[in-house]
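Residue strings, one per chain:
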Amino acid sequence: MADEAEILKALESVSGPGGKSIVAAGLVSGINVSGGKVFISLTGDPARAKELEVLAVAVEGAVKTVPGVEAAIVTLTAEKAPAAAAAAPPPGQAPQRRPIAAIEKIKYIVAVSSGKGGVGKSTTSANLALGLAALGWRVGLLDADIFGPSAPRLFGLGGKKPDVVDNRLVPLEAYGVKVMSIGFLVDEDVPMIWRGPMVVQALGQLLGEVAWGELDALVVDMPPGTGDVQLTMAQQVPLAGAVVVSTPQDLALIDARRGVAMFQRVETPILGIVENMSYFLCPHCGGRTDIFSHGGARQDAEALGVPFLGEVPLDLAIRQTSDAGTPVVASDPQGKFAAIYIELAEKVKAALETRTRRAPPKIVIG
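Computed from a prediction, not measured in an experiment: that's the story for all the values here.

Criteria and cut-off values
Position labels on residues start from 1 in each chain and follow its written sequence. Since the coordinates come from a predicted model, pLDDT governs what is reported: local features require at least 70, and pairs of side-chain atoms require 80 or more to be given and counted, while whole-chain, interface and lining totals use all residues. Only hydrogens and water are set aside; all other atoms, that is, all heavy atoms of the structure, feed into the side-chain values. Centre distance within 6.5 Å is the pairing criterion for rings of Phe, Tyr and Trp, where only the six-membered ring of Trp is used; planes under 30 degrees apart are then read as stacked, over 60 as edge-to-face, and the remainder as tilted. In DSSP terms, a helix is any run of H or I states spanning at least four residues, a strand is any run of E spanning at least two, and both are numbered starting from the N terminus. Using a 1.4 Å probe on the protein chains alone, a residue whose accessible area is under 20% of its type maximum counts as buried, one over 50% counts as exposed, and one in between counts as partly exposed. Ring-over charges, as used throughout, are those where CZ of Arg or NZ of Lys falls within 6 Å of the ring centre and within 35 degrees of the ring normal. For the purposes of these results, a polar contact is taken to be a pair of N or O atoms within 3.5 Å, where, inside protein, one atom must be able to donate a hydrogen and its partner to accept one; residues adjacent in sequence count only when each atom of the pair is a side-chain atom. Residues belong to a common nonpolar core when they are buried Ala, Val, Leu, Ile, Met, Phe, Trp, Tyr or Cys residues joined through side-chain atoms within 4.5 Å. Any two residues whose heavy atoms approach within 4.5 Å at even a single point are treated as in contact. Just to be clear on terms, a salt bridge is a Lys or Arg side-chain nitrogen sitting within 4 Å of an Asp or Glu carboxyl oxygen. How sure the predictor is of each residue is captured by pLDDT, a score from 0 to 100.

Chemist: I would appreciate a short explanation of the packing of aromatic side chains in the present structure.
Modeler: How two aromatic rings sit relative to each other is given by the distance of their centres and the angle of their planes. This structure, assessed with the given rule, holds one aromatic pair. Taken together, a centroid distance of 5.7 Å and an interplanar angle of 15 degrees make the contact between tyrosine 108 and tryptophan 137 stacked. Of this pair, tyrosine 108 sits in strand E4 (residues 106–113) while tryptophan 137 sits in the loop between helix H4 (121–134) and strand E5 (139–143), and the two are 29 residues apart along the sequence. Its relative accessible area of 12% is what places tryptophan 137 among the buried residues. Over the face of the ring belonging to tyrosine 279 we find arginine 288, whose NZ or CZ atom lies 4.0 Å from the ring centre.

Now the structure itself:
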């Protein structure tokens, strides 16, 4: 396995603007080595973005010459100059960039989002993907939460690494679903201390430099919130629709409404709202308790004029199967909780099939 010193030595052979080594010029802002995968972040003047893109290719080539390196992922980041802000595209308008070839054979891309963390978005994403697969679709799941990837644990794939074929990562598979996550490329305990542009770049590479193949649906487990990462993904990826997950209490619903508003602003269809942890079923007596209130997401969906996809209870079995890497739709496909997620998947599938496919914008991954 290569170490950071070997990578740095290889980077000294790459010349940057002005002929200086990129290391001496201070363009290398980060190196992260995880097994045979190497992550390099470059920082430079945004006015020289085209030069930096060419440089990124040279950096990738240099790093791959180091023994033990299987793949190199280069991200570009820069502090935006004040004048550049004025040149940014208007809200809702994507920048004009080249298309991502890797997603051309994906029929529908579905974002699963939440206004805040802790509402069970990742568990919902995993079981939605499995539900769509149970309905006969070819399905992939992209874990787009760079700072808190959950897919490796949810799908029982912790510690496994994707292969690299023809310079593309090959997604891992579990329960009939293709899965890709930053969690496969870095150790579970390694913090991702990255700026926003680096995160966007990494997400673009996870989407565009992966051999997804032909899929009926790619479920994207989005990061929580409505910040730069979420907006960029919504603008630059041809999303067929979005599913918003919320718990019933007022604090979560406020953030969920922001999520709906964000997708509407960038003209992404809202496939519906899911009320997660809708009620608690006691495993001993079977009694029901509305711990986080109940019905708030349904009321919000009606008020906002968007579909309501259903209620998912707070239940020990759902939590235990998720933690064990055997999501309930896969481990108990005939059970009552799997039935809830499969019904959710049926509604999403029907909504997608009755909508006109959104034309992909001209976008870039690097």
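Chemist: Explanation requested: the side chain of serine 21 in the structure shown.
Modeler: Structurally, serine 21 can be placed in the loop between helix H1 (4–11) and strand E1 (28–34). Overall, serine 21 belongs to the buried group, its relative accessible area being 17%. From its side chain, serine 21 meets the backbone oxygen of glutamate 12 in a polar contact 3.4 Å long.

Chemist: Please clarify how the nonpolar core should be interpreted in this entry.
Modeler: Soluble globular proteins tend to pack their nonpolar side chains together in the buried interior. In this structure, Leu128, Phe155, Trp212, Leu218 and Val243 are the most contacted members of the largest nonpolar core, which totals 87 residues. With nine residues, helix H12 (residues 336–353) is the largest single contributor of residues to this core. Residue contacts for phenylalanine 155: discarding those within four places in its chain leaves Ala126, Leu130, Leu141, Ala174, Tyr175, Val177, Val179 and Gly325. Ranked by size, the runner-up nonpolar core spans 21 residues in total, among them Leu27, Ile31, Val66 and Ala72.

Chemist: Can you help me understand the pattern of salt bridges in this one?
Modeler: Where charged atoms from two side chains of opposite charge approach closely, those side chains can pair. Going through the model one piece at a time under the given rule, you end up with nine salt bridges. Salt-bridge contacts for glutamate 70 lead to lysine 37; the nearest nitrogen and oxygen are separated by 3.2 Å. Separated by 33 residues along the polypeptide, glutamate 70 in the loop between helix H2 (49–63) and strand E3 (71–77) and lysine 37 in strand E2 (residues 37–43) bring together distant segments of the chain. Glutamate 70 gets classed as partly exposed once you look at its relative accessible area, which sits at 48%. Taking relative accessible area as the criterion, lysine 37 reaches 3% and is therefore assigned buried. Residue arginine 138 is joined to aspartate 216 by a salt bridge in which the shortest nitrogen-to-oxygen separation is 3.2 Å. Linking arginine 138 in the loop between H4 and E5 with aspartate 216 in strand E10 (residues 215–221), this pair joins segments that are 78 residues apart in sequence. Judged by relative accessible area, which is 40%, arginine 138 ranks as partly exposed. A relative accessible area of 13% means that aspartate 216 is categorised as buried. Through salt bridges with shared partners, one network takes in Arg138, Glu214 and Asp216.

Chemist: Before we go on, may I ask you to explain the confidence of the model for the protein in this structure?
Modeler: When pLDDT drops low, the exact placement of atoms in the prediction is not to be read closely. The share of residues in the protein with pLDDT of 70 or more is 82%, and the mean pLDDT across the chain is 80. Taking the mean pLDDT of every element in the protein, the minimum, 32, falls on helix H3 (residues 82–86) and the maximum, 97, on strand E8 (residues 172–174). Contacts of residues 79–99 to residues separated by more than four positions or lying in other chains number 28 contacts, the stretch itself having pLDDT below 50. Contacts of residues 358–366 to residues separated by more than four positions or lying in other chains number 38 contacts, the stretch itself having pLDDT below 50.

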